[in-house]
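# Examining the three-dimensional arrangement
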Amino acid sequence: MIRTEELLLNVGPQHPSTHGVFRIVVKLDGEVITEATPVMGYLHRGTEKIAESLNFTQIIPYTDRMDYVSAMTNNYVLVHAVETMMGLEVPERAEFLRLIVMELQRVASHLVWWGTYLLDIGAMSPFLYAFRDREIIIDLFNELCGARLTYNYMRVGGVKWDAPPGWMDKVRDFIPYMENKLEEYDKLVSGNEIFLARIKGIGKYDAETAIDYGLSGANLRCTGVDWDLRKAEPYSLYSRFEFDVPLGKNGDCYDRYRIRLEEIRQSLRILKQAVRQFPDGGETMGKVPRVIRPPAGEVYVRIESPRGEIGCHIVSKGKAEPYRLKFRRPSFVNLQILPKLLVGETMTNLITILGGVDIVVGEVDC
Amino acid sequence: MSEEKKEEEKALPDGARGAGEAQTPPVDPEREAKLKAAAEARAARAAAKEKADKEAAEAAPPEPKPPSPKQPELERIVELLKRDVSEEAVEDAYVNELNGDMPTVVVRNAHWRPAAELLKRHEELSFRYLRNVSGVDYETHMEVVYHMVSLGTKREAAIKVKTEREGASVYSATPVWATAGWNEREIFDLLGIDFPGHPDLRRIMMPDDWVGHPLRKDYEPLDSEV
């Protein structure tokens, strides 16, 4: 065997396939990775520090900017934490609106993942299809709250805006449209041999490892662990809807791919039921004190974001500002397994595996 | 401010900064009036709140609450920790009512490593999934909170480990749960808690040459312009 000189290669922080400003330093022996060290912090804005001098309503826009591909779920985890602390009731109409936007968000987020993942691997056109369809959801959100990406939509006790007339019909029309498109996606990509050769059996780990590393979302479920917080520890109105939790069994990139596509289908299923059951009238804001002061104490709540378990740990001293606010960000926790997965893989597989983890750097760094 | 003075201020240690700016500003009557009005408003609000609190306290005498349904879970954790780790392992234990009666146990730092092993590996508890690690600076002391769940029984627990602010140090849980690795690095970076036993304890968010730990309550940035 020919010995090659060891090469230290710096990937990122501006490499396009690192999805933002993520950087990883790899040691290469020929084309095989012998060591990988992620370097984070290029997008660290100190959200948790800033939050300590803001009241809870002011913090909501900051959560938009953590996982900017899935801002609605971030909004929810914060307001849900405060509501849990204060024991607030949320009107049914508001809770329905929240659930609908969160599921639409999950679809949009998985579409971004699907498009960019294939772009990473070398297929250009799926990206365009995915963004075309995601645009419909973005337009729906824009109509609802006037923003395309950073929505600032939810409030403690409800939502900021009611759905405008005709909005719910547009959501209803979107569901069958997206179902058709999903089939198209499958025809276009899912059976492609070159694609399958790139992702099958790549980045494998077992359930024990996944649990040890605290992975969540598709990264955990691809090993067959049935753990979706919408089912396991239901929050919001999820216990009212029928849906399945797609599971994998090999724990490789292919399983993660299948799960994410199937999750879009399941989200559409939830949306279909939610739109049908959406209450005709009612309030969009519950009874909330003028100044939001959670009682002294602490709370940890968690929900299922498209990337996994996003949690919010609030320590309050009875003031309008949190004493300490900590976000458990799924991207940050999921990424931790990356150095372990990369050892012994080739450089091309680095891109496949990193993409398969599905990170958003705004959330890794927070 | 003169160039010279700026230089001098940079050279001063953290705490001494600002001491040179003791000159009294010129008195502005409008500003004075506003300040006075604000102080009066504050006093009125405080008085109103006190009155309301008093009324509320009189109206609702506290009733003895029935024990939480999660009380047995908590007691079992405490029992096992006391039996298998040490009689002194548990400092405090309560259910956190705000958080859906989450069983919360404060474990003594000296016994934390064997306690972590027990929590993860004991068949009955099997807290194999560590979902979150947070560090909190309480000004009197520091605290690391480990939120864990058993995927089989869906039981949850919050385990707290307290430490002094000066030379804060908590035994690392990374050898038990791999997921604690980066979480503890983050706490080390932002709160300055040391984790003996951690395989790779470096800063993770801030640059390696950063001075101080931003999430500490007494944090002062070294360079105030950053």
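Because the structure is a prediction, the values reported are computed rather than measured.

## Some remarks on the overall build of chain B
The helix and strand inventory of chain B stands at 5 helices and 5 strands. Going from N to C terminus, chain B has its helices and strands arranged as α-α-α-β-β-α-β-β-β-α. In chain B, which comprises 226 residues, the share counted as buried stands at 41%. In chain B, of all internal contacts separated by at least 6 residues, the share reaching a separation of at least 24 is 50%. When the accessible area of chain B is evaluated, it comes to approximately 13000 Å², of which 52% is carbon and sulfur surface.

## As for the overall build of chain A
From N to C terminus, chain A includes 15 helices and 8 strands. Radius of gyration (C-alpha) of chain A: 21 Å, near the 21 Å computed for a compact globule of 366 residues. C-alpha extents for chain A along the principal axes are approximately 75 × 45 × 35 Å. Looking at chain A residue by residue over its 366 residues, the buried ones come to 63%. The contacts in chain A between residues at least 6 apart in sequence include a share of 71% that link residues at least 24 apart. Of the roughly 13400 Å² of accessible surface on chain A, 52% is carried by carbon and sulfur atoms. For chain A, the distance from the average site of its 45 positive side-chain charges to the average site of its 49 negative ones is 4 Å.

## Brief notes about the sheet that holds strand β5 (residues 156-163) of chain B
Residues and elements named next belong to chain B. Taken in spatial order, the 5 strands of this open sheet run β1-β2-β5-β4-β3, and their pairing is mixed. Where the open sheet ends on each side, the last strands, each with one partner, are β1 (90-96) and β3 (129-137). When strand polarity is set aside, the average angle formed by the axes of neighbouring strands in this sheet is 20 degrees. Where β3 meets strand β4 (residues 142-149), 8 bridges bridge the pair, whose relative direction is antiparallel. Bridge assignment links S134 to a residue of β4, and that residue is V145. Packed onto the sheet, helix α5 (residues 180-191) meets β3 and β4 and runs at close to 5 degrees relative to β3.

## Side note on the pattern of salt bridges
When the charged atoms of two side chains lie near each other, side chains of opposite charge can form a pair. Residues and elements named next belong to chain B. Throughout the structure, instances matching the rule amount to 50 salt bridges over all chains. A salt bridge links D218 to R165; the shortest N-O distance between them is 3.3 Å. With D218 in the segment after α5 and R165 in the loop between β5 and α5, the pair connects residues that are 53 residues apart, well separated along the chain. Look at D218 and you get partly exposed, because its relative accessible area is 49%. Overall, the relative accessible area of 13% leaves R165 in the buried class.

## Quick notes on the UniProt feature "domain: NADH:ubiquinone oxidoreductase 30kDa subunit" (unreviewed entry) in chain B
Here, UniProt's "domain: NADH:ubiquinone oxidoreductase 30kDa subunit" (unreviewed entry) annotation points to residues 105-220 of chain B. The span residues 105-220 of chain B is 19% helix and 24% strand, and its two end C-alpha atoms sit 33 Å from each other.

## A word on the interface of chain B and chain A
With 45 residues of chain B in contact, the opposing surface of chain A contributes 45 residues. In total, chain B and chain A occlude about 3800 Å² of area from one another, counting both sides; carbon and sulfur atoms represent 53% of this. The largest contributions to the chain B side of the interface with chain A come from B:L98, B:R131 and B:W182, which together make up 21% of the buried area. There are 9 salt bridges connecting chain B and chain A. B:R128 is the salt-bridge partner of A:E208, the closest N and O atoms lying 3.3 Å from each other.

## Looking at the pairing of strand β7 (residues 308-316) of chain A
All names here are of chain A. Within β7, 9 of the 9 residues are buried, leaving the element largely enclosed by the surrounding structure. Strand direction decides the pairing type here: strand β6 (residues 297-305) and β7, joined by 9 bridges, are antiparallel. Paired with Y300 across the strands is H313, a residue of β7. Hairpin connection, β6 to β7: the antiparallel pair is bridged by 2 residues. One ladder, built from 5 bridges, connects β7 with strand β8 (residues 324-328); its direction is antiparallel. Residue I314 lies in a different strand from β8, and its bridge partner there is L325.

## Structural notes on unusual backbone geometry
All names here are of chain B. Here the phi dihedral of D101 falls at roughly 55 degrees; this positive angle occurs in a residue that is not glycine. As for its placement among the helices and strands, D101 is situated in the loop between β1 and β2 (102-107). Accessibility expressed as a relative area gives 16% for D101, which makes it buried. In this model, K154 sits at a positive phi of 60 degrees, which is unusual for a non-glycine residue. With respect to the helices, strands and loops of the structure, K154 is situated in the loop between β4 and β5.

Cut-offs applied
- Residues numbered from 1 in each chain as written.
- Chains lettered and ligands numbered in written order.
- Predicted model: local features only at pLDDT ≥ 70, side-chain atom pairs only at ≥ 80, totals over all residues.
- Heavy atoms only, no water.
- Helix = DSSP H or I, 4+ residues; strand = E, 2+ residues; numbered from the N terminus.
- Buried < 20%, exposed > 50% of the residue type's maximum accessible area, 1.4 Å probe, protein only.
- Contact = heavy atoms within 4.5 Å.
- Areas by Shrake-Rupley, 256 points an atom, 1.4 Å probe, with all protein chains shown as cover.
- Rg over C-alpha atoms; globule rule 2.2 N^0.38 Å.
- Lys, Arg positive; Asp, Glu negative; His and termini not counted.
- Charge placed at Lys NZ, Arg CZ, Asp CG, Glu CD.
- Pairing = 2+ DSSP bridges.
- Axes fitted to C-alpha atoms, helices over the stretch in contact; angles between N-to-C directions.
- Salt bridge = Lys/Arg side-chain N within 4 Å of Asp/Glu carboxyl O.
- UniProt positions renumbered as here; feature names shortened; annotations may be inferred.
- Buried area = accessible area lost by both parts, 1.4 Å probe.

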